[in-house]
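Spelled out from the first residue to the last, the chains are:
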Amino acid sequence: MAKTKKLTPMMEQYMEIRKDLPSDTLLLFRLGDFYEMFHEDAIEGSRILGITLTQRHDYPMAGMPFHAADSYVGKLLAAGKKVAICDQLETPVPGKLVKRSLTRILSAGTTIADNQITAEKNHFLASFLLNKSGLHLAWIDLTTGNFQIASDKNPENLLPVLTALDPSEIVVVEDSVSTWKANIHESPIYDQLVHITSGRTVSELPSFHFEVADGAKMVMETLGVLNLEGFGIKTTHLALGPAGALLHYATENLCAKPENLGIIREYRSVDTLLVDPSTLRNLEIFESSRGSREGSLMQAMDATSTAAGARLLEEYLISPTLDIIELQRRQKSVGAFIEESGAANRIKERLGSVRDISRILGRLQNRLRNPRELGGIRDTIKELPGIRAILTEIAGESVLSICERINEFEELTNLLNRALQDELPGQLQDGGYIRPGFDEDLDHLLSLTSDNRTWLSDLENSERERSGIKNLKVKFNNAFGYFIEVTKSNLNLVPENYMRKQTMVNCERFVTEDLKQKEKEIFHAEEKSKAREIELFGELVDAVLAHARELQRTSIALAELDLFIGWATLAREWDYCCPELDHSDQITISEGRHPVVEQMMKKEDLGLAGSFSFVPNDAALNSTENQLLIITGPNMAGKSTYIRQVALITLMAQVGSWVPASKCAIGIVDRIFSRVGANDELARGNSTFMVEMNETANILNNTTDRSLIILDEIGRGTSTYDGLSIAWAVVEHLHRDAERGPRTLFATHYQELTQLEKFLTRLKNFSVSVKEWNDEIVFVRRIVPGAADRSYGIQVARLAGLPAGVIDRAKVILHNLESEEGNVSISTPAPVTRRRNKISVTADDGSQLNLF
Ligand code: ADP
């Protein structure tokens, strides 16, 4: 810090507020129309924001106009900073230190301002506690009021939801992350938790904030209830500890209790289809392997028109359900909108005018208020009678039940229509948002202001006449208020009663007693009219918030409508079918397609002759007969696409969507596991093989007979025989001796595995057929019964563009290998020999050929 001198009173005030804030928090201090940062905050802030650093007295300072602060704050948050906002609590009076205090602290997970969050994504603040009784988890979206808890003895069961939540910020007990890091090899859970926290804002709190009893009290207080029975939650629920920590943290940051939390829900892993973290990545559910939404399942399933609709889709994918009744409700709604596509389109059009009322309510309830937010409520509720009317044309219980949750808010609509101007400002201070005729007092005050303005323009005319100065002007600026301006050349004509106020290069500025008097009147009237407008605004906000619960419920119903209508559009466009759901053990799919690849192929298909479309394939699995399908075929034939499409179709069915198939029946699946690809894991310093084995271990340890497993090329990360042996043993394990086992698709290029069909009754061989033509192969992408006879590796290598010389040489080597050893079998590895990690082979003439 710069050398210490006697501080100004303002600086003393700054220091007093700054001293209680942690070092990772930057303080934005309101000074007139600016937010200023001082000292180290100014240096750091100006570096992150690329704004000018100035020197005031002896200390560095950097600032931003207050009305643009939101976007600057957004950048600071994105850089991992927290930002404390200190506002002026009264109108400044010259010569007196204005009262200031912290009004909120913004962090990645507690910010609720529109331009600091992504509209289509839930914005979760999560907290968790790992202890002997398991993993205990709580999460809140302060922008919408979504509040949930979960607790599970087996921490693995909560990792799927914790990962899928993709929290913007995580609150944990102090020092936990460093402890997990230090003991990472003691438990795979530590590794997972470190992984989940890395790259996110993590805030640590002392452990006493995580006490269950205190947490329960705090939750009840916040929700305004005496017990949690109404939510089906016991006050001893272990996740109430982290829930309390979250509420404490949120309250500190908002500088007030969160006001938009009305209910708390319990997430139960036993009611949910669990998709473990690596499978979420492998199947590219929320983002593609390139880290973008483009190419993900979520994007392929998103045809919504509102942000709330997109967020609901994300929520469904975060917790796909086992609840057939709920899934059928969603399916039926989609079905109804497919039938009634005309009505669906009319609703979709109206949804175009619907604003994000759930988030608007969140901001209004948590004191982030401006006239435009009220406009958002008005514009939305005026669409509701129209939407309801269209919905009543559509038959069916499921749609009716959505319709019933939409209120019409007739009175509120009338009130807002009468009260608010059509165009509304984004700042409360701007004024001018109340419609003339709505409030007599305000009209009166405004008429005074307008009379005064007329007086001013009359004054300009009369003074011109009186003085003979033709270009005399009555002007206003913030520093000096109202004045009369006379150019230098006319100064000799200035009347006597003019009092000089300011000398400029080309002119002089004057005031008169009358003008000063009028100025007072004008300021007074303007201040009063602004105050009245703000008062009216407050009343309108109260009127809206009196309906908060119904508005919130309506908002969820609108999000459902949007999502289901979007799904109906997709189903029509891509010819999806409604999957039959039951508790059987089957997965039966006719003409199934990969939802993402199919759409991408269409997008890339520019209508040129010879362009391809996706080839549909069937699938039939169950846990008693066709339990384990081994899929062989050359590289590039379509094996991974096929096994992924089965998993994705299952997942789509268990969020309630229709699916890309002509017919589909799914016996509800409790977990989807995958072992495919490992790109992002490599960045964590794990070898491909270790990752493969970790994931495989996780599958073998956690799978149940109701699970679905897809395995792609297990064992590829190690030597051929090690790999093959592991793959073999895994297959045997999954087949088990019992009468049933998890439904499994196993794609492999180990031909040897196909021999297992002879010994394992529930294992069936399938392959992706290819056509051979003049030593070339053509992929036909059809899955057919039976094992592949060859791997066609060299032909595929040719397709990939390997130089002809290399291809020819490879053919010779292959020929030698095949003639020497015949089909390499697992029991007769010789004469391929391994020595010190080298593989060599005996050539025709008896010499040793080193392969690698
Ligand atoms: P493998 O796992 O056998 O190596 P992939 O599943 O990676 O093969 O598929 C290779 C390519 O073939 C991918 O580019 C994919 O888009 C395309 N493909 C796969 N299945 C189909 C299909 N059924 N219809 C059309 N193209 C497909």
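Residues numbered from 1 in each chain as written. Predicted model: local features only at pLDDT ≥ 70, side-chain atom pairs only at ≥ 80, totals over all residues. Heavy atoms only, no water.

**Student:** If you had to explain the nonpolar core to someone new, which residues and values would you point to?
**Tutor:** Counting residues in each nonpolar core, the largest one holds 139 residues, and the members touching the most others are Leu317, Phe337, Trp567 and Ile631. Ignoring sequence-local partners within four residues, the contact set of Leu317 consists of Ile285, Phe286, Leu297, Met298, Met301, Leu651 and Val655. Counting 28 residues, the second largest nonpolar core, distinct from the first, contains Phe147, Val219, Leu223 and Ile233. (Core = buried A, V, L, I, M, F, W, Y, C linked by side-chain atoms within 4.5 Å. Buried < 20%, exposed > 50% of the residue type's maximum accessible area, 1.4 Å probe, protein only. Contact = heavy atoms within 4.5 Å.)

**Student:** Which residues make up the confidence of the model for the chain, and what are the values?
**Tutor:** Model confidence for the chain is summarised by a mean pLDDT of 88, while 92% of its residues fall at 70 or above. This stretch, residues 678–684, has a pLDDT under 50; its non-local contacts, to residues over four places away or in other chains, come to eleven contacts. Below pLDDT 50 for its whole length, residues 822–852 participates in 49 contacts with residues either more than four positions away or in separate chains. (pLDDT = per-residue confidence, 0-100.)

**Student:** Any chance you could break down helix H18 (residues 410–419) for me, citing the residues and the numbers?
**Tutor:** Restricting attention to buried positions, one finds in H18 the residues Leu412, Thr413, Leu415, Leu416 and Ala419. Each buried residue of H18 sits inside an arc of 165 degrees when the element is viewed along its axis, so together they form one side. Residues of H18 that are exposed and point more than 90 degrees away from the buried face comprise Glu410, Glu411 and Arg418. Close packing links the buried residues of H18 with helix H15 (371–381) and helix H20 (513–545). (Helix = DSSP H or I, 4+ residues; strand = E, 2+ residues; numbered from the N terminus. Arc of directions from axis to C-beta.)

**Student:** Summarise the packing of aromatic side chains; cite the residues concerned and give the values.
**Tutor:** Applying the stated criterion across every chain, the model contains 13 aromatic pairs. Summarising the aromatic geometry, the rings of Tyr14 and Phe38 are spaced 4.9 Å apart at their centres and angled 85 degrees between planes, so their arrangement reads as edge-to-face. Within this pair, whereas Tyr14 is found in helix H1 (residues 9–18), its partner Phe38 is found in strand S2 (residues 34–38), the two being separated by 24 residues in sequence. Aromatic side chains Trp139 and Tyr267 sit 5.8 Å apart centroid to centroid with 70 degrees between the ring planes, which places their arrangement in the edge-to-face category. Placement of the pair is Trp139 in strand S8 (residues 134–141) and Tyr267 in the loop between strand S12 (265–266) and strand S13 (274–275), with a sequence separation of 128 residues. (Phe/Tyr/Trp six-rings, centres within 6.5 Å; stacked < 30°, edge-to-face > 60°.)

**Student:** Provide a residue-level description of the pattern of salt bridges, including the pertinent values.
**Tutor:** Between side chains of opposite charge, a pair can form as their charged atoms come close. For the structure on display, the rule yields 38 salt bridges. Glu315 serves as the salt-bridge partner of Arg265, at 3.6 Å between the closest nitrogen and oxygen. Within this pair, whereas Arg265 is found in strand S12, its partner Glu315 is found in helix H11 (residues 307–318), the two being separated by 50 residues in sequence. The partly exposed category is assigned to Arg265, whose relative accessible area is 38%. Given a relative accessible area of 22%, Glu315 falls into the partly exposed group. Where Arg293 meets Asp302, a salt bridge forms, and the shortest distance between an N and an O atom there is 3.1 Å. The exposure class assigned to Arg293 is partly exposed, which follows from its relative accessible area of 29%. Overlapping salt bridges, with partners in common, bring together Glu326, Arg329, Arg330, Arg405 and Glu560 in one network. (Salt bridge = Lys/Arg side-chain N within 4 Å of Asp/Glu carboxyl O.)

**Student:** For unusual backbone geometry, give the residues involved together with the corresponding values.
**Tutor:** We note that Cys255 has phi near 60 degrees; this positive angle belongs to a residue other than glycine. One non-glycine residue, Glu591, lies in the positive phi region at around 50 degrees. Relative to the elements of secondary structure, Glu591 occurs in strand S19 (residues 587–592).

**Student:** Mind laying out the sheet that holds strand S23 (residues 671–675), listing which residues take part and the relevant values?
**Tutor:** The strand order across the open sheet built from seven strands is S13-S23-S24-S25-S21-S26-S27, with neighbouring strands paired in mixed fashion. Where the open sheet ends on each side, the last strands, each with one partner, are S13 and strand S27 (776–785). Most of the contacts of helix H23 (residues 639–653) go to strand S24 (residues 708–712), to which it runs at about 160 degrees, and overall it touches S13, strand S21 (628–632), S23, S24, strand S25 (743–747), strand S26 (763–773) and S27. (Pairing = 2+ DSSP bridges. Axes fitted to C-alpha atoms, helices over the stretch in contact; angles between N-to-C directions.)

**Student:** Could you give an account of the site of the ligand, with specific residues and numbers?
**Tutor:** Near the ligand there are 13 residues, and of these Val615, Met636, Lys639, Ser640 and Thr641 occur at the shortest range. Met636 places a polar main-chain atom, nitrogen or oxygen, 2.6 Å from an oxygen atom of the ligand. Look at the ligand: alone it shows 560 Å² of surface, and the protein chains cover 78% of it. Those elements giving two or more residues to the shell around the ligand turn out to be helix H22 (595–604) and H23. The leading source of residues in the shell around the ligand is H23, at three residues. Grouping the constituent residues of the shell around the ligand by class yields seven nonpolar, four polar and two charged. (Near = heavy atom within 4 Å. Polar contact = N/O pair within 3.5 Å; in protein donor to acceptor, adjacent residues only side chain to side chain. Areas by Shrake-Rupley, 256 points an atom, 1.4 Å probe, with all protein chains shown as cover. Nonpolar A, V, L, I, M, F, W, Y, C, P; charged D, E, K, R; others polar.)

**Student:** Explain the sheet that holds strand S6 (residues 100–106) to me, using residue names and the numbers behind them.
**Tutor:** Reading across the sheet, the six strands line up as S3-S4-S2-S1-S5-S6 and stay open at both edges, with mixed pairing between neighbours. Only two strands of the sheet have a single partner each, and these edge strands are strand S3 (54–56) and S6. Pairwise comparison of adjacent strand axes, ignoring direction, gives a mean angle of 35 degrees for this sheet. Sheet topology note: the strand S5 (residues 82–88)/S6 ladder contains six bridges and is antiparallel. Residue pairing for S6: Val83 is matched across the bridge by Leu106. Against the sheet, helix H3 (residues 69–78) engages strand S1 (25–31), S2, strand S4 (59–65), S5 and S6, with an angle of about 155 degrees to S5. Helix H8 (residues 240–254) contacts S5 and S6 of the sheet and is inclined by roughly 135 degrees relative to S6.

**Student:** Would you mind going over H3 in detail, with residue names and values included?
**Tutor:** What H3 keeps buried is the set Ala69, Val73, Gly74, Leu76 and Leu77. Down the axis of H3, the sector holding all buried residues measures 165 degrees, keeping them to one side. Those residues of H3 that are buried are in contact with S1, S2, helix H2 (39–49), S4, S5 and S6. Phi turns positive, to about 85 degrees, at Gly80, one or two residues after H3.

**Student:** Describe the packing of helix H14 (residues 357–365) against H20, and please don't skip the residues or the numbers.
**Tutor:** Following both chains from N to C, one finds H14 and H20 inclined at 125 degrees, their axes separated by 11 Å at the closest point. In terms of orientation, H14 lies oblique with respect to H20. As H14 runs across H20, the sense of the crossing is left-handed. Listed contacts from H20 to Leu361, Leu364 and Gln365 of H14 are Val541, Val544 and Leu545. In the contact of H14 with H20, the residues fall into five nonpolar, one polar and no charged. (Parallel < 35°, antiparallel > 145°, perpendicular 65-115°, else oblique. Left-handed = near helix turned anticlockwise from the far one by under 90°.)

**Student:** Just give me the short version of the pairing of S21, but keep the residues and values in it.
**Tutor:** Taking burial as the measure, the five residues of S21 include five buried ones, the bulk of the element. Every second residue of S21 is oriented toward a common face, with Leu628, Ile630 and Thr632 on one face and Leu629 and Ile631 on the other, all of them buried. Pairing analysis gives four bridges linking S21 to S25, with the strands arranged parallel. Looking across to S25, one finds that Ile630 is bridged to Phe746. The pairing of S21 with S26 spans five bridges and is classified as parallel.

**Student:** Which residues make up the packing of H14 against H15, and what values go with them?
**Tutor:** Interhelical geometry of H14 versus H15 gives an angle of 145 degrees and a closest axis separation of 10 Å. In terms of crossing hand, the pair formed by H14 and H15 is left-handed. From H14, Ile357, Ile360, Arg363 and Leu364 reach across to H15, where they touch Glu373, Leu374, Gly376, Ile377 and Thr380. Per-class residue counts for the contact of H14 with H15 are five nonpolar, two polar and two charged.

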